[in-house]
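Remarks on the overall topology
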Amino acid sequence: MQLIHYIGVNLRRTIGSSTFWFCVLAAFSLCFTAVIAKDPQTNDDLMILQVLFRPEMIKQQAEMNAWNIFCSVGGTWFAMFAPILSAFPFVPAILNNRITQSARFIISRIGKRCYQMGNICGTFLSGGIAVTLGYALFGTVVWLLFPSMSEYSEQSVTIVVEMQTYGKPAWYAEAIMEQRFFLPIAVQLGQMFLYSGCTSLLSLVFASFVKNPYVVLCMPFFCTYGWAQINTRFSAIAYADLDNINMNLGRFASLTSPRALLSLIGFSCDIPLVLSIHLGFALLLCIVFYLIMTGRGDCGE
């Protein structure tokens, strides 16, 4: 009960702060950087923000329906910057407690283990909620600015939906075709919550032995970018010879991609495996943070 109370107090304090809502707005803005189309003349990538200023393209192409735009978030830039935003609401408070050594007063009331477990849960929940709220706000704006599927021809919508739901469970594709969006929206928000919550734990680990907030908040970006490059290299090696594709390496690269949680529903039969890999890694980060922090003799550190 003491742990639940401490988590609740931290969440109320975090959600009531201006930093939390800044992260929500930053996540909302970041969603508009997703690439959604190609310029027909230059063949350059077009972000959602750029497409907004091309009303003719929106009217003519069924890919510009609100649902497809909503699901397009999760590209490279979002995947790399979201870990910074998800850590921003809570991790600086942990660093402040370490620097000022005010953690001593909290630990004296609730104990060292409860304090560190509360920090882990607070980081995961506040990071997940902040980015997911920003994504939900983005979805609301997209629903207002972009046409629904019913405004395009049935044939073009069918083609777009088949492409968008390829490899995904049948119930998911049926729900979209019939425009029953409650469960698909819940899935999209759930994926976003898991990704942002798990990646926020990267900063938490660095906060256990580094006190510089700039280093702590930026390291997840470099870690995500570095792993994405390694992952891309694995994929390139796997598919280098199209006559002799290394399916095991290709599958490994796909399952361990930093963006796997953002497209979790697309793994269909492999969803439990993807969850076990990424949640297992998140659990490992929690254990590392917990062991470092509880192993210190000085409670203020």
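Residues numbered from 1 in each chain as written. Predicted model: local features only at pLDDT ≥ 70, side-chain atom pairs only at ≥ 80, totals over all residues. Heavy atoms only, no water.

Attention now goes to the overall build of the chain. Along the backbone of the chain there are 15 helices and two strands. For 301 residues, the compact-globule estimate of 2.2 N^0.38 gives 19 Å, and the C-alpha radius of gyration of the chain, at 21 Å, lies within 12% of that figure. Seen along its three principal axes, the alpha-carbon backbone of the chain occupies a region of about 65 × 50 × 35 Å. Counting every position in the chain, which comprises 301 residues, the buried fraction comes to 46%. For the chain, long-range pairs separated by at least 24 residues make up 72% of all intrachain contacts whose partners lie at least 6 apart in sequence. (Helix = DSSP H or I, 4+ residues; strand = E, 2+ residues; numbered from the N terminus. Rg over C-alpha atoms; globule rule 2.2 N^0.38 Å. Buried < 20%, exposed > 50% of the residue type's maximum accessible area, 1.4 Å probe, protein only. Contact = heavy atoms within 4.5 Å.)

This part takes up the environment of A260. Positionally, A260 belongs in the loop between α14 (247-255) and α15 (271-294). Every residue in contact with A260, bar those within four places of it in the chain, is listed here: S254, L255, F267, V274 and H278.

Okay, the packing of aromatic side chains next. Applying the stated criterion across every chain, the model contains 19 aromatic pairs. An aromatic cluster is defined as three or more aromatic residues linked by ring pairs; in this entry it consists of F28, F32, W67, F70, Y135, F138, W143 and F181. (Phe/Tyr/Trp six-rings, centres within 6.5 Å; stacked < 30°, edge-to-face > 60°.)

With that out of the way, let us pick up the pattern of salt bridges. Inspection of the entire model under this criterion finds three salt bridges. For D45, the salt bridge goes to K38, with nearest N and O atoms at 2.8 Å. Assessed through its relative accessible area of 46%, K38 is described here as partly exposed. (Salt bridge = Lys/Arg side-chain N within 4 Å of Asp/Glu carboxyl O.)

Turning our eyes to something else, we now look at the side chain of N68. Along the chain, N68 turns up in helix α5 (residues 66-71). Among the residues examined, N68 registers a relative accessible area of 14% and is labelled buried. Among the polar contacts made by the side chain of N68, one reaches the main-chain carbonyl oxygen of E63 at a distance of 2.9 Å. The contact partners of N68, leaving out residues within four places of it in the chain, are I36, E63, V160 and Q164. (Polar contact = N/O pair within 3.5 Å; in protein donor to acceptor, adjacent residues only side chain to side chain.)

Counting 64 residues, the largest nonpolar core has M64, F78 and F138 as its most contacted members. The dominant element in this core, judged by the number of residues it contributes, is helix α12 (residues 182-207), at eight residues. The residues contacting M64, other than those within four sequence positions of it, are I36, A37, V51, M57, I58, I69, F146, P147 and Y152. A87, V91, F206 and A207 belong to the second largest nonpolar core, which has eight residues in total. (Core = buried A, V, L, I, M, F, W, Y, C linked by side-chain atoms within 4.5 Å.)

Time to look at the environment of Y195. Checked against the element boundaries, Y195 lands in helix α12. In this structure, the C-alpha to C-alpha distance between Y195 and A82, residues 113 residues apart in sequence, is 8.6 Å. Non-local contacts of Y195, meaning those with residues more than four positions away in its chain, are made with A79, M80, A82, P83, T224, P258, L261 and L262.

Where helix α7 (residues 91-100) meets α12, the closest approach of the two axes is 10 Å, and the angle between their N-to-C directions is 10°. Classified by the angle between their axes, α7 and α12 sit roughly parallel to one another. Contacts from V91, I94, L95 and R98 of α7 reach α12 at S200, S203, L204 and A207. Among the residues making up the contact of α7 with α12, the classes are represented as five nonpolar, two polar and one charged. (Axes fitted to C-alpha atoms, helices over the stretch in contact; angles between N-to-C directions. Parallel < 35°, antiparallel > 145°, perpendicular 65-115°, else oblique. Nonpolar A, V, L, I, M, F, W, Y, C, P; charged D, E, K, R; others polar.)

Here we take up the side chain of T256. Along the polypeptide, T256 turns up in the loop between α14 and α15. Side chain to side chain, T256 and N231 meet in a polar contact 3.2 Å long. Among residues more than four places away in sequence, those in contact with T256 are W227, N231, I277 and H278.

Further remarks concern the state of the cysteines. Tallied over the entire structure, the rule returns zero disulfides. Considering cysteine sulfurs only, C218 is the nearest to C23, which forms no disulfide, with 13 Å between them. Judged by its relative accessible area of 1%, C23 falls in the buried class. C218 forms no disulfide, and the closest cysteine sulfur to it belongs to C223, at a distance of 11 Å. Judged by relative accessible area, C218 falls into the partly exposed class, the value being 35%. (Disulfide = S-S within 2.5 Å.)

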